[in-house]
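# Fold and contact review
The lines below spell out each chain.
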Amino acid sequence: MPIRQTDILQDISPRINPDVNPYVAKMTAALTDGSIPVLQGSALGGCKGNWRATFDRLHAMRGRTPSGEKRPLIVEIGCHLGLTLNEMAGNHPEADFIGMDITFKRVVTAAERSARQGHRNVATILGNARGMDAIFADGEVDGFVIFFPDPWMKRAQSKHRLVDGEFATLLSRKLAPGAFVWMKTDQEGYWKDAREAFLQAGFKPTEPVDFFAGRIYESTFERRFRLQGLSAHGGHMRKPAAQAN
Ligand SMILES: C[S@@+](CC[C@H](N)C(=O)[O-])C[C@H]1O[C@@H](n2cnc3c(N)ncnc32)[C@H](O)[C@@H]1O
């Protein structure tokens, strides 16, 4: 069941029967014993503006020691089961990665995958990305990754899209000056509208950002669409270095 409430700091687990959804029980255990790096509700209190310390705490039992250095913070919106998130995290031990999604199964599975792969730089969050103001300080994020965010194929369904003008403005506010968004979608019209929304929010189109070193990161849905003969549309947008938050 997707959790669409935008109050990310509100606890959800107590309202759902763990016998019906086994991922709720896994989430509840993880919030108590730190067995996997997944967060939800009040466990996210105090994270805003403090993500590097939060990663140090979440991964202390996996041998992470506080470095004191500023580490890039990359957020994947709609991380699904964590394939791309963990691939990126494995390629970038110098950065921290947060995956957000709206089902227990997806964020728990993504966190399990991260623990299995031994990453010390991944956390997943159960929460609607529209509510991210509660968990990220303005200028705290160094990059957003949004791959195939919406299944809405018909024009009439476009009002349900995640990436619109309001969301582009929110992303801009949360990004540091000079930071980026990388979006991909199967729908050419969605990318056209999203690109316009990013431009209106002050973003500038850019070549693929150096951070990813030319890697393509074919996501689960991108692969599915490619096998159906559908191509991906999208690109990288950068918040100007001089733009105030
Ligand atoms: C079509 S899937 C794409 C998954 C993955 N990014 C990929 O490319 O394979 C869209 C994902 O976005 C998630 N999602 C949809 N709306 C969201 C929202 N408001 N906040 C966070 N995640 C969301 C869905 O639960 C789903 O996992």
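Residues numbered from 1 in each chain as written. Predicted model: local features only at pLDDT ≥ 70, side-chain atom pairs only at ≥ 80, totals over all residues. Heavy atoms only, no water.

A few words on the site of the ligand. Around the ligand lies a shell of 17 residues, among which Asp-101, Arg-106, Asn-128, Phe-147 and Ser-219 are the nearest. The backbone of Phe-147 places a nitrogen or oxygen atom 2.8 Å from a nitrogen atom of the ligand. Protein contacts shield 91% of the accessible area of the ligand, which totals 590 Å² for the unbound molecule. For the shell around the ligand, the secondary-structure elements that each account for two or more residues are β3 (96-101) and α7 (220-227). Residues of the shell around the ligand, tallied by class, amount to eight nonpolar, six polar and three charged. (Near = heavy atom within 4 Å. Polar contact = N/O pair within 3.5 Å; in protein donor to acceptor, adjacent residues only side chain to side chain. Areas by Shrake-Rupley, 256 points an atom, 1.4 Å probe, with all protein chains shown as cover. Helix = DSSP H or I, 4+ residues; strand = E, 2+ residues; numbered from the N terminus. Nonpolar A, V, L, I, M, F, W, Y, C, P; charged D, E, K, R; others polar.)

We now examine helix α1 (residues 22-33). With 12 residues, α1 ought to run about 16 Å at 1.5 Å a step, and its terminal C-alpha atoms sit 17 Å apart, in line with that. Residues of α1 that are buried include every one of Val-24, Met-27 and Ala-30, and no others. Seen end-on, α1 carries its buried residues on one side only, within an arc spanning 125 degrees. Turning to α1, the residues buried within the fold contact β1 (38-39), α4 (104-116) and β4 (122-126). In this structure Asn-21 caps α1, since a side-chain oxygen of it lies 2.9 Å from the backbone nitrogen of Tyr-23. Positive backbone phi, approximately 70 degrees, marks Gly-34, located one or two places after α1. (Expected span 1.5 Å × (residues − 1). Buried < 20%, exposed > 50% of the residue type's maximum accessible area, 1.4 Å probe, protein only. Arc of directions from axis to C-beta. Contact = heavy atoms within 4.5 Å.)

On the basis of which strands lie adjacent, the open sheet formed by eight strands has the order β1-β4-β3-β2-β5-β6-β8-β7 and mixed pairing. With one partner strand each, in any of the chains shown, β1 and β7 (204-206) form the two edges of the open sheet. Taken strand by strand, α4 contacts β1, β3 and β4, and its axis lies near 170 degrees from that of β4. Here helix α6 (residues 188-200) sits on the sheet and contacts β6 (175-185), β7 and β8 (233-238); the angle it forms with β8, its principal contact strand, is near 10 degrees. (Pairing = 2+ DSSP bridges. Axes fitted to C-alpha atoms, helices over the stretch in contact; angles between N-to-C directions.)

On to the pairing of β4. For β4, the buried fraction is high: five of the five residues fall into the buried class. Neither face of β4 is exposed, since Val-122, Thr-124 and Leu-126 on one face and Ala-123 and Ile-125 on the opposite face are all buried. As judged from the two bridges shared by β1 and β4, these two strands associate in the parallel manner. In the sheet register, Leu-39 faces β4, and the bridge partner there is Ile-125. Two strands pair when backbone bridges link them, and β3 and β4 are joined in this way by five bridges, in the parallel orientation. Note that in β4 the partner of Asp-101 across the bridge is Leu-126. Note on the crossover from β3 through α4 to β4: the handedness is right-handed. (Right-handed = clockwise from strand over helix to strand, strands pointing away.)

The next point concerns the nonpolar core. Residues Trp-51, Ile-77, Met-132, Phe-136, Phe-167, Leu-171 and Phe-198 are the most contacted members of the largest nonpolar core, which totals 40 residues. Breaking this core down by element, the ones donating at least two residues are α2 (51-58), β2 (73-77), β3, β4, β5 (141-147), α5 (165-174), β6 and α6. Apart from the residues lying within four places of it in its own chain, the contact partners of Phe-136 are Lys-48, Trp-51, Leu-73, Val-75, Ile-98, Met-100, Val-141 and Lys-174. Grouped together as the second largest cluster of nonpolar side chains are 17 residues, Leu-85, Met-88, Phe-97 and Val-145 included. (Core = buried A, V, L, I, M, F, W, Y, C linked by side-chain atoms within 4.5 Å.)

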